[in-house]
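Residue-level structural notes
What follows is the residue order along each chain.
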Amino acid sequence: STNRPALERKGPATDAETKATDFPKLKNDLILRAARGKWVERTPIWVHRQAGRYLPEYHATRNVAGDFFTLCRTPHLACEVTLQPIRRFDLDAAIIFSDILVVPQAMGLEVKMVKGFGPSLPEPLTDPEDMQRRLLAPDYIDVNEKLGYVFKAITLTRHRLEGEVPLIGFAGAPWTLMAYMVEGKGAKSYNKAKTWFYKYPKGSHELLNRITNVIVDYLVGQVLAGAQMLEIFDSWAGDLAPEIFREFSLTYLKKIASEVKSRLREMKVPPVPMTVFARGAEWAIPELQDSEYDVVSLNWTAFRAECRRASGKLSIQGNLEPSVLFADPERIRMEARKMVDELGPHRYIANLGHGMLPSMNPDHLAEFVDEVHTYSEKLIEEKKGRWLGDTLSASAHGIAKFLAITSAVLAASLAGGLAINSFRNEEKK
C-alpha cells in the first residue's frame, strides 16, 4: 500500500490535460537522481511490465478496450493502465503503457497481438527489395500523425500522476524491431533476420537506419509530451555474435542516445536520463562508456560484481531473476537484500532482470518493493553514520595534530626569542 493520493481521475482528457504544460510539481525524483549518479536516501525501484496481465484491474480495462492495440491507441485507457501499479505499490516510477511494435506499425507493417501466441506480423519482410516496396518512405513517416496517440497518453498521464513519480517513455531497439519485421514473430534463433547481416549487409544497414530515424523522432516526441526518462529495449541483443552486435546493434543504440539528446539541446529542452537494456549483451558495458546513456539495465543472468566494476560512469538497473517472485515472501526479501548488497545502494535502480509474468502474485511484488526500500535506506544510514564517525575521528586527529604542531612552533618561537634576547644582553655587556 502507499500513502499517495488515490489518483482516481479517469475518462477522456480534459482540455487542460491535453496540453504538455503546467504539469504538477514532481514529489519523488529518486530515480532521476540515481540515473545521474547523485545521492539518494534510498534505492529507487520500478519493474518492467509493472502495468499488465498480473493485475486483475488490467484485465478489466483491457476488456473495455476490446483488444490490445485499441488499448494502446486510446490515451485515457493507456493512462489508466499506467496508473494501476502506482496506485497499488510504492514504486518510484511509472512507465507509459504501450508496445515496442508500434514503430513497425508506423512504418507501414501490419502487427497483430494474437491471444495465446503474442505479437504477429502476418507479412514480414523477405529481402531488401521487399523492404523498398512495402515500407513507407522516410519522408512520409510523421510520428505525430502515426504515433500521436502515445504522445497524448504521456501528456495525460503526466497530469494524472499528480507529480507522485516520474514517467518513463520507451522504444524498442533497431535490431530487436528488425528481428520482428523479418521473422514475423518472436523466434528461438532469429536465423532469418540474422541471415540478412551476411546476405544483405547494405540492405540491413538501410533498414536499421530507417528504424533508428523513426525511433529518434518518436523518443524526442515522448519527451516533448512529458516523458521524464527514456529506456531502449534491445531484447534480442544476446542472440548476436559480438562483432555482429557491434556493427548492427551497438552502432545504432549509440546513435539513438546521441541524436535524441542533441535534438533536445537544439530545442532548448533539457535532455532526460536514458537507459539501455541490451539484454544478454552485458559484456558490452565498457563499450557504452562513450555513449550518451546514463543507465545500463542488466539481465538476470549477468554477473553483478563484474557489471558494477565495468559500469564506470553508468548507473546500473536490475536485475532480480523474475522467478524469485514465485517464492515465499522471506526468500523474496532475502534475494532483494542480496541484490542491493551487490549492486547498490547508490548509482543504482532496482528492477527485475526482465519483466512481470501474468501468473505472478501482486502481493509478492509488494514484498520486493518494500524490502528494497527498507534495506537500502538502512544501508545508506549506516554508511552515512560510518562516514560521519570517520569524518569526526579524522577531524579530531587533525585537530590534535594541529595543536601539537602549533605547540611545537610556539615552543620553538619562545625558545628562539629567549636565545635572541640573551644574545643581545651579551652584546650590551
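The structure presented is a predicted model; accordingly, all values stated were derived computationally and were not measured. (Residues numbered from 1 in each chain as written. Predicted model: local features only at pLDDT ≥ 70, side-chain atom pairs only at ≥ 80, totals over all residues. Heavy atoms only, no water.)

A few points about the nonpolar core
Residues Met 181, Leu 207, Tyr 293 and Phe 368 are the most contacted members of the largest nonpolar core, which totals 138 residues. Of all the elements, helix α11 (residues 201-225) adds the most residues to this core, at eleven residues. In this view, Phe 368 contacts Ile 45, Val 47, Leu 320, Leu 325, Ile 332, Ala 336, Met 339, Asn 351 and Leu 352; residues no more than four positions away in its chain are not counted. (Core = buried A, V, L, I, M, F, W, Y, C linked by side-chain atoms within 4.5 Å. Buried < 20%, exposed > 50% of the residue type's maximum accessible area, 1.4 Å probe, protein only. Helix = DSSP H or I, 4+ residues; strand = E, 2+ residues; numbered from the N terminus. Contact = heavy atoms within 4.5 Å.)

Side note on the environment of Arg 134
Along the chain, Arg 134 turns up in helix α6 (residues 128-134). The exposure class assigned to Arg 134 is partly exposed, which follows from its relative accessible area of 26%. Separated by 26 residues in sequence, Arg 134 and Gly 108 place their C-alpha atoms 7.1 Å apart. Once residues lying within four places of it in the same chain are set aside, the contact partners of Arg 134 are Leu 109, Glu 123, Pro 124 and Leu 125. A polar contact is formed between the side chain of Arg 134 and the backbone oxygen of Pro 124, at a distance of 3.2 Å. (Polar contact = N/O pair within 3.5 Å; in protein donor to acceptor, adjacent residues only side chain to side chain.)

Some points on the pattern of salt bridges
Two side chains of opposite charge can pair, provided their charged atoms sit close to one another. Throughout the structure, instances matching the rule amount to 29 salt bridges. Residue Arg 9 is joined to Glu 17 by a salt bridge in which the shortest nitrogen-to-oxygen separation is 3.0 Å. A salt bridge links Arg 133 to Asp 130; the nearest nitrogen and oxygen atoms lie 3.0 Å apart. Of the two residues, Arg 133 and Asp 130 are both situated in helix α6; the distance of three residues between them amounts to about one turn of the helix. A residue is classified by how much of its surface remains accessible, and Asp 130, at 4% relative accessible area, is buried. Within this structure, Glu 330, Arg 333, Arg 337, Glu 367, Asp 370 and Glu 371 form a network of salt bridges that share partners. (Salt bridge = Lys/Arg side-chain N within 4 Å of Asp/Glu carboxyl O.)

Let's talk about the side chain of His 373
Considering the arrangement of structural elements, one finds His 373 in helix α15 (residues 362-428). The exposure class of His 373 is buried, given its relative accessible area of 4%. In terms of polar contacts, His 373 uses its side chain to reach the side chain of Asp 92, at 2.7 Å. Those residues within four positions of His 373 in sequence are excluded, and the remaining contacts are Arg 42, Thr 43, Ile 45, Asp 90 and Asp 92.

What to know about the environment of Ala 20
Mapped onto the elements of the fold, Ala 20 is located in the segment before α1 (30-35). According to the relative accessible area criterion, Ala 20 is partly exposed, its value standing at 34%. In this structure the C-alpha to C-alpha distance between Ala 20 and Arg 158, which are 138 residues apart in sequence, comes to 8.4 Å. In this structure, Ala 20 is in contact with Thr 155, Leu 224 and Ala 225, ignoring residues within four places of it in sequence.

A few points about unusual backbone geometry
Following Gly 318, the chain continues into Asn 319 via a peptide bond in cis, with omega recorded as -15°. With respect to the helices, strands and loops of the structure, Asn 319 is situated in strand β8 (residues 315-320). Here the residue pair Gly 344 and Pro 345 is connected by a cis peptide bond, since its omega of 0° sits within 30 degrees of zero. Relative to the helices and strands, Pro 345 resides in the loop between α14 (329-343) and β9 (348-352). In this structure, Tyr 190 takes a positive phi of about 55° despite not being glycine. With respect to the helices and strands, Tyr 190 occurs in the loop between α9 (174-183) and α10 (191-199). Here Tyr 190 falls in the buried class, since its relative accessible area comes to 1%.

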